[in-house]
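So the chains spell out like this:
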Amino acid sequence: MNRFDDLLAHAATVKDRHILDLFAADPDRAARFSAEFGSWFFDFSKTNIDAAGLKLLIDLAEKTGVAARRDAMFAGEKINETEGRAVLHMAWRNFRDTITVDGHDVMPALRDTLGRMQDFAEDVRTGRFTGQGGRITDVVNIGIGGSDLGPVMASVACTSFADGPRLHFISNVDGAHAHDVLSGLNPETTLVIVASKTFTTIETMTNAETARAWMAAKVTDPAAQFSAISTATDRTAAFGIPPERVFGFEDWVGGRYSVWSPIGLSLMIGIGPGYFAEFHAGAAAMDRHFREAPLAENLPVLLALVGIWHNQVLGHATRAVLPYEQRLARLPAYLQQLEMESNGKRVSMDGADLPWHSGPVVWGEPGTNGQHAFYQLIHQGTRVVPCEFLLAARGREPYLEHQHLLLVANCLAQSEALLRGRSLAEATEIMAKKGLTGAELDRQARHRVFPGNRPSTTLLIEVLTPFTLGGIVALYEHRVFVEGVILGINSFDQWGVELGKELALALAPVLEGSSEGAGKDGSTLGLARRIRAARA
Ligand SMILES: O=P(O)(O)OC[C@H]1O[C@H](O)[C@H](O)[C@@H](O)[C@@H]1O
């Protein structure tokens, strides 16, 4: 007996029916299977979930203790059990509440750091803080994973609000990344932000050294144009960054949940503290909704339950995230870390093998580009890929609103096509009109059949702003949390990234030729030999 049995039994009885029949049987289906909070509207009616299935899903959230776990998280309990940490990134976007960790009010220190960030951001933006060659024109954020993806994703999303220095990001240890970014910049007017929660991550520290050398070649005091963001202020000092430009945060902010914290400094400089506060406010609004709304009307809970239905119940291993919004181009990459690093776990909280599948593979690209690339498989491939469309009703450039209308039409058309499909009879009729007959008509028509009955959801906002973006990101964070609770896993550690890091360190001497690599497999040694020869 496992926690999904009732749902699996229900799914077995309904999985072959057509979602269109659900619409035909219930004229109110679209309203009944959607939910709204403030600026965010979530439609999950184009799925095979019916009233009985939804009830079983809500029951599942109840019996797995989602609400109690949520309250424990907001109360600062150490729900990240394998690291013995609280999970309180929400504190960084809600400065009204009092939040205590180990009986200690953490908010005064956060307000102090936020104030220092705001002052520094304004100083950079207004020219009170300058580089050694004048006003700061460019800001380079050096970080990776959660210290990169959040600021990159949000800065692209907030492009139309950016009026500060230009933002650039270096993450990959591949020197080509640092080269390509830095070679276009003037060291005398560039501010480098080294963003690393631990300040030990090899990629970030290597790129930071590279940037320091690049700057030292042109300015007398490179450290004067460096800032650092970390929980490890001893290490930032050792790197030579003066404390007034170091912005700290606590270990109860996970890397992939840290865009709200000082890790968002580059974004704050780009869009200004005012819009950054709106980004916070949108997320804080979503936090309140998550804490207060009944489970059946709770957007993060509903997104999670639809995810569970598709992955653990129906067995669809991947989910496509398809933003019809160019400025959300980096959202799929951001969500890959958020969801897959959080819920890609093989054991449950107590260390036992997970008796069901972990979270899904998340992937995607903005529409309409994806339509001309991989949608073929989504429409006619043999596997079902649940699709998650994100859409803003309005664009931000009034003079291009005619293009936005076309974008919206494409998004709705895709979810309609996935739902409706095209039958063999319809395809045959179309091809017959083109003059085909007989066996050729039959053959050609079969290639043009769309099975349809493919599930999708749509998250609709009115327009993309820092506020609505903040809500979207918090919505996904809490969705990941709810899925994690239902799966019984710890969504806040990431031990799965460690092994490769250790092996990479051990391989460096093999590549340099100073170690034989005893005990390594033949493939690794053979590749290392070839690489050594090519580099000699
Ligand atoms: O911020 P840092 O300490 O440099 O960590 C950067 C990233 O690397 C780690 O390996 C983790 O996989 C990520 O969760 C983290 O965001």
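No experiment lies behind these values; they were computed from the predicted model shown.

(A) Highlighting the sheet that holds strand 11 (residues 246-248). As summarised here, the arrangement of the five strands in space is 8-7-9-10-11, forming an open sheet in which the pairing is parallel. Every interior strand has two partners, whereas the edge strands, strand 8 (166-170) and strand 11, have only one. Sheet twist, expressed as the average angle between the axes of neighbouring strands with direction ignored, equals 20°. Across three bridges, strand 10 (residues 226-230) lies against strand 11 in parallel orientation. Looking across to strand 11, one finds that Ile229 is bridged to Phe247. In the packing of helix 6 (residues 107-126) onto the sheet, the strands contacted are strand 9 (190-195), strand 10 and strand 11, and the crossing angle to strand 11 comes to about 145°. Relative to strand 9, helix 9 (residues 202-216) is tilted by about 160°, and along the sheet it contacts strand 7 (138-142), strand 8, strand 9 and strand 10.

(B) Quick look at helix 17 (residues 438-447). All of the buried residues along helix 17 are Leu441, Gln444 and Ala445. One face of helix 17 carries all of its buried residues, which in axial projection span an arc of 100°. With respect to the buried face of helix 17, the exposed residues turned more than 90 degrees away are Ala439, Arg446 and His447. On its buried face, helix 17 is in contact with helix 16 (424-433).

(C) Structural view of the UniProt feature "active site" (unreviewed entry) in the protein. In this structure's numbering, the residues bearing the UniProt feature "active site" (unreviewed entry) are Glu341, His372 and Lys501. A maximum C-alpha distance of 36.6 Å shows the annotated residues, which cover 161 residues in sequence, to be distributed over more than one spot. Relative to the elements of secondary structure, Lys501 occurs in helix 19 (residues 498-512). A relative accessible area of 46% places Lys501 in the partly exposed class.

(D) Expanded view of the pattern of salt bridges. Counting across every chain of the model gives 30 salt bridges. Between Arg85 and Glu83 there is a salt bridge; the shortest N-O distance is 3.7 Å. By relative accessible area, which is 22% here, Glu83 ends up partly exposed. Glu209 serves as the salt-bridge partner of Arg212, at 3.0 Å between the closest nitrogen and oxygen. Here Glu209 and Arg212 lie together in helix 9, a separation of three residues that amounts to about one turn. Classification of Arg212 as partly exposed rests on a relative accessible area of 26%.

What counts, and where the lines are drawn
- Residues numbered from 1 in each chain as written.
- Predicted model: local features only at pLDDT ≥ 70, side-chain atom pairs only at ≥ 80, totals over all residues.
- Heavy atoms only, no water.
- Pairing = 2+ DSSP bridges.
- Helix = DSSP H or I, 4+ residues; strand = E, 2+ residues; numbered from the N terminus.
- Axes fitted to C-alpha atoms, helices over the stretch in contact; angles between N-to-C directions.
- Contact = heavy atoms within 4.5 Å.
- Buried < 20%, exposed > 50% of the residue type's maximum accessible area, 1.4 Å probe, protein only.
- Arc of directions from axis to C-beta.
- UniProt positions renumbered as here; feature names shortened; annotations may be inferred.
- Salt bridge = Lys/Arg side-chain N within 4 Å of Asp/Glu carboxyl O.

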